[in-house]
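Below are the chains, spelled out letter by letter.
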Amino acid sequence: MSASVLRKALICSAVLALLAVLSSCGVFTGIDYTGRVTFDRALPIPPVQDGVIDEEGRRVFSLTAQEGAAELRSGFQTQTWGFNGDHLGPTLRAQPGDHVRVNVTNRLGEATSVHWHGMRLPAEMDGGPHQEVQPGGSWHPEWVIDQPAATLWYHPHPHGATEKHVYRGLAGLFLVDEAVPGLPSEYGVDDVPLIVQDKQLDGSGQLATSGSAPVGTLGETILTNGVEGAFFDATTEKVRLRLLNGSTARILTFAFDDEREFAHIATDGGLLEAPRVTGQLTLSPGERAEVVVQLAPGEDVMLQSHPTPGFWLGAPSGLSDRFDIMQIRAAPELQPADDLPDELARIDWLRADDAVTTRPMRLSNRSINGKEMDMNRIDDVILAGSTEIWTVSAADGFPHNFHIHDVQFQVLDVDGAPPAPHLRGWKDTILLEPQKEHRLIMRFGRHTNPDVPYMYHCHLLRHEDEGMMGQFVVVAPGQGAGHIDGHHH
Ligand code: C2O
Ligand code: CU
Ligand code: CU
């Protein structure tokens, strides 16, 4: 064998060995984590708060951000943060039309905030980085609920530190609640909140953030409502799951181990027009969905996450991994359930002709339209009540999603094609298909304030913290952008 042939053979086998190592650690194929965890802990159900009606008729809630410790993994005490407890927060519940107020207290050692993700409200109440609450301080936002029934959520949004605060455990659901005949609605029994998050736990069970996936921190441990290895005891033939992907970076594709189909009934901002039968549903960080699963007496079924289709070389971002999420154990006898209604809600479809402005939003390299987040810069000025189209694209080849505060939007098309069926409802967060143009249409609210902005951003929280965020104000006719004060970062 000549030297050059030998050298080629060596290089070739080195490359093959490297490829083998890369693929065995999941760079191309993803990692299959199923079957590794014992599902033997009863699913905790976050306590529900209906608030207290005060003398002015307001429904008043209380949230205190605090430090604590929780058994995320069996046998380990993890240092965590929570609202009104050690980890996560209560489910807040109110009806459309309610005047709500929240007494927020910060007992952490650093500033935080509480943002009402998916809620239409005045910018001063939004809980973004301009409404931080100092340690020991409090904040009392109030607003009138002006949107249909939906599974919303709340979480901190402090400047540059959202990932850390959410990852430590500060998150909870906010249900805008309205009875729909035929839908399971008994909280914790057949209407089950499910906050799904991935975590990295180190050898002593503490939260770690090592590793450098292009999307941020990816964990190998999946928690449901704060615990690993949970089962839910179902007592009814139909169970409604309110799914929140509360991860900081991990994109999840929900499916069952037996590939059974289920009914998808709601997107981020409310019910679909009609139930839609599917076998899998992708939610990126921040997105919610409601689904109804049909059970047979005595069976066990595992809710899982399956590989997410549509991304080239998605494995380094965790898109090809598989996980067990939660086991559902059906009782030997199940309470019968009604058939799902054929019609769930009426959706007011926005018309492209009504849009007064089109704004491009190009996400790449921690910036939007080439600009990184600046607390003192207003990027967009929007007329109250107007309809706009935003054309959103992810241009750098990495996974991103896009979230807009204050509005729920509809997807007009994706690269000219009609949106996938799971996107045909009200959305506030959308996973972006790489290199494609997503035309989103939305109608802005009537709350105006030229000086206090709302945010739009990638909801992969590392990306958001690192600058992939912009600010808009909503103004009255004839008003221009105001002046942001109080911040000089
Ligand atoms: Cu859920 Cu601006 O975020
Ligand atoms: Cu939000
Ligand atoms: Cu991103």
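About the cut-offs
- Residues numbered from 1 in each chain as written.
- Chains lettered and ligands numbered in written order.
- Predicted model: local features only at pLDDT ≥ 70, side-chain atom pairs only at ≥ 80, totals over all residues.
- Heavy atoms only, no water.
- Helix = DSSP H or I, 4+ residues; strand = E, 2+ residues; numbered from the N terminus.
- Buried < 20%, exposed > 50% of the residue type's maximum accessible area, 1.4 Å probe, protein only.
- Contact = heavy atoms within 4.5 Å.
- Domains from an automatic or database assignment.
- Buried area = accessible area lost by both parts, 1.4 Å probe.
- Salt bridge = Lys/Arg side-chain N within 4 Å of Asp/Glu carboxyl O.
- Polar contact = N/O pair within 3.5 Å; in protein donor to acceptor, adjacent residues only side chain to side chain.
- Nonpolar A, V, L, I, M, F, W, Y, C, P; charged D, E, K, R; others polar.
- Donors = N, O, S within 2.8 Å, 3.2 Å for Na, K, Ca; no water.
- Pairing = 2+ DSSP bridges.

(A) The environment of histidine 447, seen in detail. Along the polypeptide, histidine 447 turns up in the loop between strand S33 (438–443) and strand S34 (454–457). Since its relative accessible area comes to 30%, histidine 447 is described here as partly exposed. When the C-alpha atoms of histidine 447 and aspartate 348 are compared, they prove to be 20 Å apart, with 99 residues separating the residues in sequence. Discounting residues that sit within four places of it in the chain, histidine 447 has contacts with Arg120, Leu121, Pro122, Tyr454 and Val474.

(B) Local environment of the domain arrangement of the chain. With domains assigned, the chain is organised as domain 1 (46–176), domain 2 (191–335) and domain 3 (347–475). Of note, the centres of domain 1 and domain 3, computed from C-alpha atoms alone, are 24 Å apart. Contact residues are listed per partner, giving 25 residues for domain 1 and 26 residues for domain 3. Taking both sides of the interface into account, the surface hidden between domain 1 and domain 3 amounts to around 2000 Å²; carbon and sulfur atoms contribute 56%. Of all residues in domain 1, Arg120, His130 and Glu163 bury the most surface against domain 3, accounting for 29% of the area lost on that side. At the boundary of domain 1 and domain 3, one finds two salt bridges. Inspection of the domain 1/domain 3 interface yields 23 residue pairs in polar contact (both at pLDDT 80 or more). Considered class by class, the residues forming the side of domain 1 that touches domain 3 number 10 nonpolar, 11 polar and four charged.

(C) Broad picture of the coordination of the copper ion (ligand 3). At 2.0 to 2.1 Å from the copper ion (ligand 3) lie its protein donor atoms, namely His400 (ND1), Cys458 (SG) and His463 (ND1). Written as a sequence motif, the donor arrangement for the copper ion (ligand 3) is H-x57-C-x4-H. Taken together, the residues span a long stretch of sequence, with histidine 400 in the loop between strand S29 (387–394) and strand S30 (401–404) and cysteine 458 in the loop between S34 and helix H3 (461–465) at a distance of 58 residues. Looking at histidine 400, the relative accessible area reads 0%, which means it is buried. Judged by its relative accessible area of 0%, cysteine 458 is buried.

(D) Main features of the sheet that holds S33. Judged by pairing direction, the sheet is mixed, and its five strands sit side by side in the order S27-S26-S29-S33-S31 without closing on themselves. Whereas interior strands pair on both sides, the edge strands pair on one side only; in this sheet they are strand S27 (367–368) and strand S31 (409–414). Sheet topology note: the strand S26 (residues 357–364)/S29 ladder contains seven bridges and is parallel. Residue proline 360 lies in a different strand from S29, and its bridge partner there is threonine 391.

(E) Expanded view of the pairing of strand S19 (residues 252–256). Extensive coverage of S19 is indicated by the burial of five of its five residues. Side-chain alternation along S19 places Leu252, Phe254 and Phe256 on one buried face and Thr253 and Ala255 on a second face that is also buried. Inspection of the sheet shows S19 paired to strand S22 (residues 281–283) by three bridges, in the antiparallel sense. Looking across to S22, one finds that phenylalanine 254 is bridged to leucine 281.

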